[in-house]
Amino acid sequence: MPELPEVEVVRRGLQQHAAGRTVVAVQVLHPRAVRRHTAGPDDFAARLTGRRLRATSRRGKFLWLPLDSDDALLAHLGMSGQLVVQPVGADDEVHLRVRLTLDDGRELRFVDQRTFGGLDVVGTDRDGVPEPVLHIARDPLDPAFDDAAFVAALRRRRTGLKRALLDQTLVSGIGNIYADEALWRSRLHYARATDTMTRPQVHRLLADVRGVMGEALAEGGTSFDSLYVDVNGRSGYFDRSLAAYGQEGRPCPRCGTPVRRDPFMNRSSFTCPRCQPRPRHGRW
DNA sequence: CCTGCCGCCTGCGCGC
DNA sequence: TGCGCGCAGGCGGCAG
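Residues numbered from 1 in each chain as written. Chains lettered and ligands numbered in written order. Predicted model: local features only at pLDDT ≥ 70, side-chain atom pairs only at ≥ 80, totals over all residues. Heavy atoms only, no water.

*Asks:* Honestly, helix 2 (residues 41-48) in this entry has me stumped. Any pointers?
*Replies:* In an α-helix, one turn spans 3.6 residues, which is why side chains three or four residues apart end up on the same side. Of all the positions in helix 2, only Phe44, Ala45 and Leu48 are classed as buried. Along helix 2, the residues classed as buried sweep out an arc of 95° about the axis, all on the same side. Within helix 2, the exposed residues directed more than 90 degrees away from the buried face are Asp42 and Ala46. Buried-residue contacts for helix 2 involve strand 1 (23-28), strand 4 (71-76), strand 6 (96-102) and strand 8 (118-123). Note on helix 2: the residue one or two positions beyond its end, Gly50, has a positive phi of about 85°. (Buried < 20%, exposed > 50% of the residue type's maximum accessible area, 1.4 Å probe, protein only. Helix = DSSP H or I, 4+ residues; strand = E, 2+ residues; numbered from the N terminus. Arc of directions from axis to C-beta. Contact = heavy atoms within 4.5 Å.)

*Asks:* Would you take a moment to explain the environment of His281 for this structure?
*Replies:* Assignment of secondary structure puts His281 in the segment after strand 10 (267-271). On the accessibility criterion, His281 (72% relative accessible area) is exposed. Along the sequence, His281 and Ala193 sit 88 residues apart, while their C-alpha atoms lie 7.3 Å from each other.

*Asks:* What should I look at first to understand the nonpolar core in this one?
*Replies:* Ranked by size, the top nonpolar core spans 41 residues in total, and within it Phe150, Leu154 and Leu205 carry the most contacts. At the level of elements, helix 3 (147-156), helix 4 (161-166), helix 5 (176-185) and helix 6 (199-218) are the ones that each hand at least two residues to this core. Here this core gets seven residues from one element, more than from any other, and that element is helix 6. The next biggest cluster of nonpolar side chains, apart from the first, holds 28 residues, and it includes Phe44, Leu53, Leu73 and Val231. (Core = buried A, V, L, I, M, F, W, Y, C linked by side-chain atoms within 4.5 Å.)

*Asks:* What exactly am I supposed to notice about the protein's contact with DNA strand C here?
*Replies:* Surveying the vicinity of DNA strand C reveals 23 residues, the closest of which are Lys61, Tyr228, Tyr245, Arg267 and Ser268. The sugar-phosphate share of atoms of DNA strand C within 4 Å of the protein amounts to 55%. Note that a phosphate oxygen of DNA strand C is positioned 2.9 Å from one of the side-chain N or O atoms of Lys61. Between a phosphate oxygen of DNA strand C and a side-chain N or O atom of Asn176, the distance comes to 3.0 Å. Residue assignment for the surface near DNA strand C shows that the elements contributing at least two residues are helix 5 and strand 10. Across the surface near DNA strand C, the residue classes break down as eight nonpolar, nine polar and six charged. (Near = heavy atom within 4 Å. Polar contact = N/O pair within 3.5 Å; in protein donor to acceptor, adjacent residues only side chain to side chain. Nonpolar A, V, L, I, M, F, W, Y, C, P; charged D, E, K, R; others polar.)

In short, geometric facts, not functional conclusions.
Spelled out as structure tokens, the structure:
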């Protein structure tokens, strides 16, 4: 559930259904799901068993639950990860990777088809931020996000605009969907050179990022299929509101020109060729 | 330092 | 019907 709104939906679900609970048992069904826990699956289980889960936090697409030790349970959903809460005894999901049995007769399950995501138990800094998250920039919904610093940093880059938006060390939480949607709202092309962006353009783009993410959050996130669900297995509805992403050939909601798809970084970018003309001196 | 590329996985839908 | 290919909400590591 990869981008910020979907991860935030999951965070809220964990806060409601997992925070405050104690982990009474841990079962790792697929070691790759805990590969970032370098001490191995047994150590992962040992550091978690008997621990109480505290309030759920998020930065960008990372989320974590501090433990009543000095550690935190850190999760990244990757491309296809889910965290779901199920009653003990519910059928195992096909791609169930890790099962945490809680003290209320339920299980917190990490399910992940492609295993790009994973869990680990890690130390935190003084502010409670997990060590693997320290290099991740704050996200645009974080009250401490520094707009002016972001505008300056983006304009210092020498790359294409969408690459910059996807760089989690510059601004976190934006992935392929919301990058395309925000660029469409701002009428900017993905290959626009970052160092030719004006300050007002970057401020407007940031406002559009926040706008699209806020609307997606209100709809429960974007789900195209059952891979992207909240902790109760429910899908969001924002896919119905997408203007550009995944809309190849469909009319641009603003001008009616068919949306085009271009290959981009081994994936795709969707633009309105009329609203978002390719810059003459763009950067890939 | 900064930028860009590649590999890591599984499954689905499409064209042949 | 079967098979190969392209494609999918992401990231870390490494080369230049």
